[in-house]
Amino acid sequence: MKFVVSSTALLNVLQTSNKVVSNKNTLPILDNFLFELKDGVLKITASDLETTMIGTLKVDSMEQEGVIAAPVKLMIDSLKEFSEQPLTIEANESTWEIQISWKTGTSGLSYPTQPALDEETKQEISVDTNLLLTGINKTIFATADDELRPVMNGVYVNIEPQAITFVATDAHKLVKYAASAETGTTASFILPKKPANLLRGVLGKEDADIRMEF
């Protein structure tokens, strides 16, 4: 793998993805970002097995595609030392060594595979960004941190053909937020607290509708 990318652009994606990385990972490989380079686009994956965040970045130029795992802390700390400039990043897939101004490596092939949604039961809708952000902001404070009742550790999202309702409770307080929306479907799911908080930081930067698959 070899490509050229903006140091600032890469750091921005890594810092956003880093929010999902846990300090108590059960698998050492999860202390790494998974870099996958294909067709001039770098896909960066971070996961704690329960929550996965994927960011994409178009590279300035590419000489060779590939897959490799890059250590989270070392990548971010190192990139912070660079001013805005193009960086050539080269990964040796036989020794799993990454070369910028430092070197590390672990095979990206052992990174946990992201669970796939069942194609027969999967549903998909487009939601207005502001609606989703408002629904999360108005309910997430009422979610619980209860290992014995995990169903309360997230925001319940109920979708109807012309409305979306967000509900959260910790058994002491109950919050409900309903908004009109043309969804054309009926479904429901629970959005866990951690990805909901991550979405709060990302959705404020988006203008287009959000595609949700569940």
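Residues numbered from 1 in each chain as written. Predicted model: local features only at pLDDT ≥ 70, side-chain atom pairs only at ≥ 80, totals over all residues. Heavy atoms only, no water.

Caption draft 1: Fine view of the sheet that holds strand β2 (residues 32-38). The strand order β4-β3-β2-β6 describes an open sheet built from 4 strands, whose pairing is antiparallel. Single-partner strands in this sheet number two, and they are β4 (52-58) and β6 (66-71). When the angles between neighbouring strand axes are averaged without regard to direction, this sheet yields 20 degrees. In this sheet, β6 lies alongside β2 in antiparallel orientation, the contact comprising 6 bridges. In the sheet register, Leu-37 faces β6, and the bridge partner there is Gly-66. (Pairing = 2+ DSSP bridges. Helix = DSSP H or I, 4+ residues; strand = E, 2+ residues; numbered from the N terminus. Axes fitted to C-alpha atoms, helices over the stretch in contact; angles between N-to-C directions.)

Caption draft 2: Broad picture of the environment of Glu-119. Structurally, Glu-119 is set in the loop between β8 (97-99) and β9 (124-127). At a separation of 3.5 Å, a polar atom in the side chain of Glu-119 contacts the side chain of Lys-122. (Polar contact = N/O pair within 3.5 Å; in protein donor to acceptor, adjacent residues only side chain to side chain.)

Caption draft 3: Highlighting the sheet that holds β8. Overall, antiparallel pairing links the 4 strands, which are arranged β5-β1-β7-β8 in an open sheet. Each edge of the sheet is formed by a strand with only one pairing partner; in this case those strands are β5 (61-64) and β8. Put simply, the sheet's adjacent strands are angled 20 degrees from each other on average, direction ignored. In terms of strand pairing, strand β1 (residues 2-6) meets strand β7 (residues 86-92) through 5 bridges, oriented antiparallel. The partner of Ser-6 across the bridge, within β7, is Pro-86. Sheet contacts for helix α1 (residues 7-17): β1 and β7; angle to β1, the most-contacted strand, approximately 90 degrees. (Contact = heavy atoms within 4.5 Å.)

Caption draft 4: Representation of the nonpolar core within the structure. With 30 residues, the main nonpolar core has Phe-3, Leu-10, Leu-14, Phe-33, Phe-35, Leu-42 and Ile-44 as its most contacted residues. Taken together, the elements giving at least two residues each to this core come down to β1, α1, β2, β3 (41-47), β4, β6, α2 (72-79) and β7. Ranked by size, the runner-up nonpolar core spans 20 residues in total, among them Ile-136, Val-155, Ile-164 and Ala-181. (Core = buried A, V, L, I, M, F, W, Y, C linked by side-chain atoms within 4.5 Å. Buried < 20%, exposed > 50% of the residue type's maximum accessible area, 1.4 Å probe, protein only.)

Treat this as a map of the structure, not an account of what it does.
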